[in-house]
Amino acid sequence: MVVLVGVINCLSYFFVMQIIQLNVGGFDNNYSYLIVGENNEAILIDPTGNKEVIEKTIKDNNLKVVLQLLTHDHFDHTELVDYFKEKGVPLKSFEDLKKENPFEIAGIKIKTLFTPGHTKDSVCFKVNNNLFTGDTLFVAGIGTVDYGGNKVELEESLAFLSTLDKEITLWPGHNYGGAKSTLGRALENSHIRPSEKMLAQIKKKVEEYEKQVQ
Ligand SMILES: [Zn+2]
């Protein structure tokens, strides 16, 4: 019996980390992510877009969201932060991330890579062999520096990312060119720039949003 209890205890320490990519719509094909760790506890990255999509996934998988993280502070990545805060899910701020790196929660070790460029506060989260890149790097292209960014810093951050293992799975903040890739392939595609038409569409959407919140 003692042995059996030992086995059960032992088993409870082994869990398979799961990544759920959520197609939440939002401003422009945004992704939120749930990383599921021990005891069905989950970390929510970039809570945004359609909250029903996120809530249904939480319910269907019987998850308890224990932390919110942001890849950066643009409105289209943060729309549901207050909603989940009100439900008791804390947010680790950019300042918090600087103080504790790496950190561990739900049995998952998270390393924050500070990758300014798209914005001053842009980060990537490295979890095992996965990299959540927000708007720093997409499957095909990089985030614009037009909204609080800096081109030189972005180039430096991409150079830094190119020092990492190229086989790492890349999970971007938007579906621009695909849902996921490897870091190596995404870096090869990082020269791709959105068309003038696409940039004009984004500009229009931002203006519409700013009007709404005024
Ligand atoms: Zn952004």
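All figures in this text were calculated on a predicted structure; none of them were measured in a lab. (Residues numbered from 1 in each chain as written. Predicted model: local features only at pLDDT ≥ 70, side-chain atom pairs only at ≥ 80, totals over all residues.)

Q: What exactly am I supposed to notice about the environment of Asn30 here?
A: With respect to the helices and strands, Asn30 occurs in strand 2 (residues 30–36). C-alpha separation for the pair Asn30 and Glu100, spaced 70 residues apart in sequence, amounts to 27 Å. With sequence-adjacent residues up to four places away left out, Asn30 is seen in contact with Val24, Gly25, Thr48, Gly49, Asp76, His77, Gly173 and His174. (Helix = DSSP H or I, 4+ residues; strand = E, 2+ residues; numbered from the N terminus. Contact = placed C-beta atoms within 7 Å.)

Q: Whenever I open this one, the sheet that holds strand 2 confuses me. Can you help?
A: Strand order in the open sheet made by the 4 strands is 1-2-3-4, with mixed pairing throughout. Of all the strands in the sheet, just strand 1 (18–25) and strand 4 (64–69) have a single pairing partner and so form its edges. Averaged over all pairs of adjacent strands, the angle between strand axes in this sheet comes to 25°, irrespective of strand direction. Looking at chain direction, strand 1 and strand 2 are connected through 7 bridges and run antiparallel. By the bridge assignment, Gln18 is partnered in strand 2 with Val36. Contacting strand 1, strand 2 and strand 4, helix 2 (residues 51–60) runs over the sheet at an angle of about 150° to strand 1. (Pairing = 2+ DSSP bridges. Axes fitted to C-alpha atoms, helices over the stretch in contact; angles between N-to-C directions.)

Q: Just to check I follow, could you spell out the nonpolar core for this structure?
A: Side chains of a nonpolar character, in soluble globular proteins, are inclined to be buried together. Among the nonpolar cores identified, the biggest contains 42 residues, and Tyr33, Leu34, Ile35, Ala42, Ile43 and Phe125 are the most heavily contacted of them. Examining the composition of this core, we find that 5 residues originate from one element, strand 2, more than from any other. Ignoring anything within four residues of it in the chain, the contact list for Leu34 reads Ile20, Leu22, Ala42, Leu44, Thr57 and Leu63. (Core = buried A, V, L, I, M, F, W, Y, C linked by C-beta atoms within 7 Å. Buried ≥ 20, exposed ≤ 12 C-beta atoms within 10 Å, placed from the backbone.)

Q: Can you walk me through the sheet that holds strand 8 (residues 130–134) in this structure?
A: Adjacent strands of a sheet form backbone hydrogen bonds with each other and so pair up, either parallel or antiparallel. Strands sit in the order 5-6-7-8-9-10 across an open sheet of 6 strands; the sheet is mixed. The strands lining the two open edges of the sheet, one partner per strand, are strand 5 (103–105) and strand 10 (181–182).

Q: Looking at this structure, I do not really get the environment of Asp76. What am I missing?
A: Its place among the elements puts Asp76 in helix 3 (residues 75–78). Measuring from C-alpha to C-alpha, the distance between Asp76 and Cys124 comes to 16 Å, with 48 residues separating the pair along the chain. Ignoring anything within four residues of it in the chain, the contact list for Asp76 reads Gly26, Phe27, Asp28, Asn30 and Thr48.

Q: Where do I start with helix 6 (residues 151–161) in this structure?
A: Along an α-helix, residues three or four positions apart point the same way, because every turn accommodates 3.6 residues. All buried positions along helix 6 are accounted for by Leu154, Ser157 and Leu161. Buried residues of helix 6 fall within an arc of 60° about the axis and therefore sit on the same side. Away from its buried face by more than 90 degrees, helix 6 exposes Val152 and Ala159. Of the surrounding elements, those touching the buried residues of helix 6 are helix 7 (183–188). (Arc of directions from axis to C-beta.)

Geometry only, nothing functional implied.
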